[in-house]
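These are the residues of each chain, in order.
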Amino acid sequence: MSRLTTAITSRVENGETAFIPYIMAGDGGLSALKQQLLFLQNAGATAVELGIPFSDPVADGPVIQQAGLRSLSHGTTLREVLEEVEQLQQDVTIPIVIMTYLNPVLQLGLDEFAKLASKAQVAGVIIPDMPLEESDLLRDVLQPVSIDLIQLVSLTSPAERVRRIAEASEGFVYAVTVNGITGTRQSLPEVTFDHLKELKQVSPVPVMAGFGVSTPEHVTQLGEVVDGVIVGSFVVDAFANGHEETILPLLDAAKAVTTRV
Ligand SMILES: O=P(O)(O)OC[C@@H](O)[C@@H](O)c1c[nH]c2ccccc12
């Protein structure tokens, strides 16, 4: 069974909410990556979503974009990130999900990407600009090395498409809770919760909700309807400003036992 599915399910079976923080690889230099991953692992993260900087990140909000620019200024490349992750395998035991746009993967080459990701024991890959219809291209090289290809689903898509995407997704399905770009938000729209409940009912894999999750209350509310949350901008901001401890209350909310509705 998928390492990601197992990691998420074991939290949910304990009554907890799975928690996947996003960080931008190379923000602060690649030498900072080990410390960042260990901080999140020790704090109880279920897995980590590791972003690869890209010059044209269409879905990224300002916080992630700036982190990408800082990382690019250090010269970070996809190859180097995968090689670094391979070096960290002794210490980092939680599953790593690589989040990258399609272009850096094509530049590296599909086969080379699969080979390096496999050597680094990457558990899953998210490619936001790759529609389901095109995803066989990547699935063909990732399946032989047992790396999950995670699909993003927009909650405003027609029900039939939502179901098809969830069925095609491996490891978990990434539910995008708001229309637009990434970034912290005060509150999540009420209709989001209805859409999430519908998705949860039809999805054969765990449902992780992301975009705008930035308070312990968000974590608690989402944990009542789905399996877990993904938190990006808030985490990136905390690391960039040296306030990593502000992430802990969100993790505490995820570890508190919730009743699912
Ligand atoms: O930053 P937020 O609003 O907490 O959302 C998570 C998000 O940053 C992360 O998963 C992500 C970063 N870049 C993306 C591009 C597309 C989809 C998702 C992402």
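Predicted model only: the values in this text are computed from it and were never measured.

What counts, and at which threshold
Residues numbered from 1 in each chain as written. Predicted model: local features only at pLDDT ≥ 70, side-chain atom pairs only at ≥ 80, totals over all residues. Heavy atoms only, no water. Helix = DSSP H or I, 4+ residues; strand = E, 2+ residues; numbered from the N terminus. Rg over C-alpha atoms; globule rule 2.2 N^0.38 Å. Buried < 20%, exposed > 50% of the residue type's maximum accessible area, 1.4 Å probe, protein only. Contact = heavy atoms within 4.5 Å. Areas by Shrake-Rupley, 256 points an atom, 1.4 Å probe, with all protein chains shown as cover. Lys, Arg positive; Asp, Glu negative; His and termini not counted. Charge placed at Lys NZ, Arg CZ, Asp CG, Glu CD. Near = heavy atom within 4 Å. Polar contact = N/O pair within 3.5 Å; in protein donor to acceptor, adjacent residues only side chain to side chain. Nonpolar A, V, L, I, M, F, W, Y, C, P; charged D, E, K, R; others polar. Pairing = 2+ DSSP bridges. Axes fitted to C-alpha atoms, helices over the stretch in contact; angles between N-to-C directions.

Caption draft 1: Quick look at the overall build of the protein chain. Within the protein chain, the regular secondary structure consists of 12 helices and eight strands. The C-alpha atoms of the protein chain give 17 Å as radius of gyration, which agrees with the globular expectation for 261 residues (18 Å, within 12%). Once the C-alpha set of the protein chain is aligned to its principal axes, its extents read approximately 45 × 40 × 30 Å. Across the 261 residues in the protein chain, those meeting the buried criterion constitute 57%. Restricting to contacts in the protein chain with at least 6 residues of sequence separation, those with at least 24 account for 76%. Of the accessible surface of the protein chain, which amounts to about 11,000 Å², a share of 50% is contributed by carbon and sulfur atoms. If you average the places of the 16 positive and of the 32 negative side-chain charges in the protein chain, the two averages end up 3 Å apart.

Caption draft 2: Looking closely at the site of the ligand. Around the ligand sit 17 residues in total, of which Tyr 174, Gly 183, Gly 212, Gly 232 and Ser 233 are the nearest. The separation between a nitrogen atom of the ligand and a polar side-chain atom of Asp 60 is 2.8 Å. Gly 212 places a polar main-chain atom, nitrogen or oxygen, 2.7 Å from an oxygen atom of the ligand. Against a free-state accessible area of 430 Å², the protein chains account for coverage of 99% of the ligand. Of the residues that constitute the shell around the ligand, the class distribution is 10 nonpolar, five polar and two charged.

Caption draft 3: Representation of the sheet that holds strand S1 (residues 18-24) in the model. One closed barrel holds the eight strands; their spatial order is S1-S2-S3-S4-S5-S6-S7-S8, and the pairing between them is parallel. Each strand axis lies, on average, 25 degrees off the axis of its neighbour in the sheet, ignoring direction. Direction of pairing for strand S6 (residues 173-176) relative to strand S7 (residues 207-210): parallel, over a ladder of four bridges. Along S7, the bridge assignment pairs Val 176 with Gly 210. In this fold helix H2 (residues 33-43) packs onto S1, strand S2 (48-51) and strand S3 (96-99), with an angle of close to 165 degrees to the strand it touches most, S1.

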